[in-house]
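# Architecture and fold: a report
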Amino acid sequence: MDFTINSEVVDKVAKITLSGELDSLSARVFQKEIEKVALQSPTELVLDMEHLAFMSSAGLRVLIFSKQKMGVGLTIYVVKPQEAIVDTLEKTGLQHSVNIVDQYPA
Amino acid sequence: MNSRSYFVFMQMELKTFPATVDSLDPLRQYVKDVSQQAGLDKKATYNLILAVDEIATNIILYGYEKAGLEGFIDVLTEVSDNRLKVVFEDDAAPFDPTTRELPDEEDFDLPLEERPIGGLGIYLTINGVSEFSYEYINNRNRNIFEVDIKSP
């Protein structure tokens, strides 16, 4: 499935919408997008994953990269991830470092 | 018994993919189709696809691309005794992913910014299938994924 990504930064909130499948190929695009939004020093990163059907460890590594790049003050929201992706976040303990929510803002 | 195992071996289906990152998407689609034909449920199918994606990525990026080599991944599949078996064979340098150091519980409790980045893929692989094994035979890496097919 084709991977697409869109981002915008408004008032220090970076919103990135991911759809399709996030593997090691598309993770390169995701990482570039993170680098781009990082230039505006956001304090919140909102990842809309409602239409993301697959995420490998390459995607998890970009989440870790985001925090390393934008600092500990960054709050990450994962909006509406599919069950299998929640499962991956939980298996790897990443659910403690991100906020899984149904909508943003709550 | 010998003739039966020979028969089973002959039934393994082979499909070959170029060892490039562009193959990951069609490879996942292929394993998804095989899993659905074998009767795996949605969750088991996803976990197997995740496992094969992780190992294929390692083979492509480290076995071939980083070594400056071009090559292929042969994907063999079979269903027998309520088990789906998927075998990857490649000609890159011997690499046993099971010897890789896995993240442990303590790593999982660390804040995101302090996490060691390696090992997540192989962790998800081993956790995603009933059995994962590796062997090096006839100068080929063989990564073997096996998933029990639960009756509905």
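Placed above this text is the structure.
Residues numbered from 1 in each chain as written. Chains lettered and ligands numbered in written order. Predicted model: local features only at pLDDT ≥ 70, side-chain atom pairs only at ≥ 80, totals over all residues. Heavy atoms only, no water.

### Section: the overall build of chain A
When you go through chain A residue by residue, the secondary structure sums to three helices and five strands. In chain A, the order of α-helices and β-strands from amino to carboxyl end is β-β-α-β-α-β-α-β. Here the C-alpha atoms of chain A give a radius of gyration of 12 Å, agreeing with the 13 Å that 2.2 N^0.38 yields for 106 residues. The C-alpha extent of chain A, read off along each of the three principal axes, is 30 × 25 × 20 Å. Buried positions account for 53% of the 106 residues belonging to chain A. Across chain A, the fraction of contacts at a sequence separation of at least 24, relative to all contacts at a separation of at least 6, is 68%. As displayed, chain A offers around 4,800 Å² of accessible surface, 47% of which is attributable to carbon and sulfur atoms. Placing the 10 positive and 14 negative side-chain charges of chain A at their respective mean positions leaves the two points 8 Å apart. (Helix = DSSP H or I, 4+ residues; strand = E, 2+ residues; numbered from the N terminus. Rg over C-alpha atoms; globule rule 2.2 N^0.38 Å. Buried < 20%, exposed > 50% of the residue type's maximum accessible area, 1.4 Å probe, protein only. Contact = heavy atoms within 4.5 Å. Areas by Shrake-Rupley, 256 points an atom, 1.4 Å probe, with all protein chains shown as cover. Lys, Arg positive; Asp, Glu negative; His and termini not counted. Charge placed at Lys NZ, Arg CZ, Asp CG, Glu CD.)

### Considering the packing of aromatic side chains
Per the stated rule, a full pass over the model turns up five aromatic pairs over all chains. When the centroid spacing of 4.9 Å and the interplanar angle of 50° are considered together, the rings of Y77(A) and Y104(A) count as tilted. You can see Y77(A) sitting in strand β4 (residues 75-79) and its partner Y104(A) sitting in the segment after β5 (99-101), a full 27 residues away along the chain. Residue Y104(A) is classed as partly exposed on the basis of its relative accessible area of 29%. Arranged with centres 5.3 Å apart and planes meeting at 55°, the rings of F132(B) and F145(B) form a pair that is tilted. In this pair, F132(B) is assigned in strand β4 (residues 131-137) and F145(B) in strand β5 (residues 140-148), connecting sequence segments 13 residues apart. Given a relative accessible area of 0%, F145(B) falls into the buried group. Clustering of aromatic rings is evident, with ring pairs tying together F88(B), F132(B) and F145(B). Over the ring of Y30(B) we find K15(B); its NZ or CZ atom is 5.8 Å from the centre of that ring. (Phe/Tyr/Trp six-rings, centres within 6.5 Å; stacked < 30°, edge-to-face > 60°. Lys NZ or Arg CZ within 6 Å of the ring centre and 35° of its normal.)

### Brief notes about the pattern of salt bridges
Tallying each qualifying case throughout the model produces 14 salt bridges over all chains. With a closest N to O distance of 2.8 Å, R28(B) and D23(A) form a salt bridge. Within this pair, whereas R28(B) is found in helix α2 (residues 24-38), its partner D23(A) is found in the loop between β2 (13-22) and α1 (26-38), the two belonging to separate chains. With respect to class, R28(B) is no different from D23(A); both count as buried. Note that D87(A) is salt-bridged to K91(A), the shortest N-O span being 3.8 Å. Placement of the pair is D87(A) and K91(A) together in helix α3 (residues 83-91), with a separation of four residues, close to one helical turn. (Salt bridge = Lys/Arg side-chain N within 4 Å of Asp/Glu carboxyl O.)

### Observations regarding a negative patch on the surface
Residues and elements named next belong to chain B. On the surface, D104, E105, E106 and D109 cluster together into a patch of negative charge. Of note, E105 is situated in helix α4 (residues 105-109). The exposure class assigned to E105 is exposed, which follows from its relative accessible area of 58%. (Patch = residues over 30% accessible without salt bridge, like charges linked within 9 Å, V, L, I, M, F, W, Y side chains within 5 Å.)

### Let's talk about the interface of chain A and chain B
The interface of chain A with chain B comprises 30 residues on the first partner and 27 residues on the second. Summed over both partners, the interface of chain A with chain B comes to about 2,500 Å²; 58% of that surface belongs to carbon and sulfur atoms. For chain A, the biggest contributors to the area lost against chain B are F54(A), I64(A) and K91(A); these three give 23% of the whole. The tally of links between chain A and chain B comes to two salt bridges. As a salt-bridge pair, R28(B) and E21(A) come within 2.8 Å of each other at their nearest N and O atoms. Inspection of the region where chain A meets chain B yields six residue pairs in polar contact (both at pLDDT 80 or more). Contributing elements (two or more residues each) for the side of chain A that touches chain B: β3 (44-55), α2 (57-70) and α3 of chain A. (Buried area = accessible area lost by both parts, 1.4 Å probe. Polar contact = N/O pair within 3.5 Å; in protein donor to acceptor, adjacent residues only side chain to side chain.)

### Describing the packing of α3(A) against helix α3 (residues 42-65) of chain B
Two elements in contact, α3(A) and α3(B), have axes whose closest approach is 11 Å; the angle formed by their N-to-C orientations is 60°. If you check the angle between α3(A) and α3(B), you find them oblique. Remark: the crossing between α3(A) and α3(B) carries right-handed chirality. Along its contact with α3(A), which presents A84(A), I85(A), D87(A), T88(A) and K91(A), the element α3(B) presents K43(B), Y46(B), N47(B) and L50(B). Of the residues assigned to the contact of α3(A) with α3(B), the class counts are four nonpolar, two polar and three charged. (Axes fitted to C-alpha atoms, helices over the stretch in contact; angles between N-to-C directions. Parallel < 35°, antiparallel > 145°, perpendicular 65-115°, else oblique. Left-handed = near helix turned anticlockwise from the far one by under 90°. Nonpolar A, V, L, I, M, F, W, Y, C, P; charged D, E, K, R; others polar.)

### So, the sheet that holds strand β3 (residues 83-90) of chain B
Residue and element names in this part refer to chain B. Ordered in space as β1-β2-β3-β5-β4, the five strands form an open sheet in which the pairing is antiparallel. The open sheet has two free edges, formed respectively by β1 (13-18) and β4, since each of these has just one partner strand. Direction aside, the axes of adjacent strands within the sheet are offset by 20° on average. One ladder, built from six bridges, connects β1 with strand β2 (residues 72-80); its direction is antiparallel. Residue pairing for β2: L14 is matched across the bridge by L76. (Pairing = 2+ DSSP bridges.)

Nothing here speaks to function; it is geometry throughout.
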